[in-house]
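Understanding the architecture of this molecule
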Amino acid sequence: ALTDHDETGGLAEAAQVAGELGIRLIAGVEISVSWREHTLHVLGLGVHPEHPQLKQGLTALRAARLARAMRMGERLQEAGIPEIFRDASALANGAGTIGRHHLARSLVARGCARNTADAFKRFLVAGKPGFVAQQWASLVQAIDWIRAAGGIAVLAHPERYRMPRMTSRALLEDFK
């Protein structure tokens, strides 16, 4: 499966290459979700990428992601690191979305951080100069988009979310 963040633009090329190689491709997407105070990722597997409801939701998420990246660039400029959004945009190279990882890689390329983990720790997490909070799709919205597009919703990398056991149970109940 190919599951890009909030984007299905790579599926056509992936399908072509998979066909040439005799590989069955599962069309997918990884949707950014705000649930309670957590950011989660929900995979949509077997989606029809052209479904209007899914496309509309993903378009809104990409616009929000771009606005956030621009604001993060502004905040970093205010902190003395000019034109970092420009660098991140060039690094994204038309990928469709500019995310924190592009900003982190740009900070590393500038010598402002040793590696991307250091860039996140020093600049891009809560309380740091480049952090901008983001409200993503709700869990219900993401699952609705996936189901409307004929897909199956799967919680991505569940071990990554650091939350108390009771909260994890609540998440699984809400997901169900």
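Before going into details, it helps to say that this report is about the structure given with it. Since we're looking at a predicted model, the values are computed, not measured. (Residues numbered from 1 in each chain as written. Predicted model: local features only at pLDDT ≥ 70, side-chain atom pairs only at ≥ 80, totals over all residues. Heavy atoms only, no water.)

**Considering the pairing of strand β4 (residues 152-155)**
Test applied: When accessible area is computed with a 1.4 Å probe and restricted to protein chains, residues below 20% of their type maximum are described as buried, those above 50% as exposed, and intermediate ones as partly exposed. Runs of E in the DSSP output that reach at least two residues are strands. Runs of H or I that reach at least four are helices, and both are numbered from the N terminus. Whether two strands pair comes down to DSSP finding at least two bridges between them.
Burial along β4 is one-sided: A153 and L155 are buried, and none of I152 and V154, which face the opposite way, are. Bridge count for strand β2 (residues 38-45) against β4 is four bridges, and the pairing is antiparallel. Bridging across to β4, L45 finds its partner in I152.

**Points about helix α7 (residues 165-175)**
For an α-helix, 3.6 residues make a turn, and residues three or four places apart therefore share a direction. Put simply, the test is: The arc under discussion is defined with respect to the helix axis, by the directions toward the C-beta atoms. In this analysis, two residues are considered to be in contact whenever any of their non-hydrogen atoms come within 4.5 Å of each other.
Those residues of α7 that sit buried are T167, A170, L171 and F175. Seen along its axis, α7 keeps its buried residues to an arc of 135°; they face one direction. In this structure, α7 carries R165, M166, L172 and E173 as exposed residues pointing more than 90 degrees from its buried face. On its buried face, α7 sits against β1 (28-35), β2, α6 (139-148) and β4.

**Some remarks on unusual backbone geometry**
Positive phi values are uncommon outside glycine, yet D6 reaches one of about 55°. Examined against the element boundaries, D6 turns out to sit in the segment before α1 (11-21). Its relative accessible area of 0% is what places D6 among the buried residues. Despite not being glycine, E83 has its phi angle at roughly 60°, a positive value. Tracing the sequence through the fold places E83 in the loop between α2 (52-78) and α3 (84-92).

**Comments concerning helix α4 (residues 100-109)**
Listed in full, the buried residues belonging to α4 are H102, L103, A104, S106 and L107. At its buried positions, α4 is contacted by α2, α3 and α5 (116-124). Just downstream of α4, G111 is the residue with a positive phi angle, here 85°.

**A look at the sheet that holds β4**
Picture the strands of a sheet paired through backbone hydrogen bonds; they go either parallel or antiparallel. Rule in force here: Axis geometry follows a simple rule: fit a line to the C-alpha atoms, using only the stretch in contact for helices, then measure angles between N-to-C directions, giving values from 0 to 180 degrees.
Strand order in the open sheet formed by four strands is β3-β1-β2-β4, and the pairing between neighbours is mixed. For this open sheet the edge positions go to β3 (137-138) and β4, each flanked by a neighbour on one side alone. The sheet contact formed by β1 and β3 spans two bridges and is parallel. Directly across from V33, in β3, lies its bridge partner A137. In this fold α2 packs onto β1 and β3, with an angle of close to 60° to the strand it touches most, β1.

**Overview of the pattern of salt bridges**
Pairs can form between side chains of opposite charge whenever their charged atoms are close. What counts here: Salt bridges, as used here, are contacts in which a Lys or Arg side-chain nitrogen is within 4 Å of a carboxyl oxygen on Asp or Glu.
Counting across every chain of the model gives ten salt bridges. Put simply, E78 and R71 hold a salt bridge, and the shortest N to O gap is 3.7 Å. Note on R71: relative accessible area 33%, which makes it partly exposed. Here D87 and R110 are joined by a salt bridge, their closest N and O atoms 2.8 Å apart.

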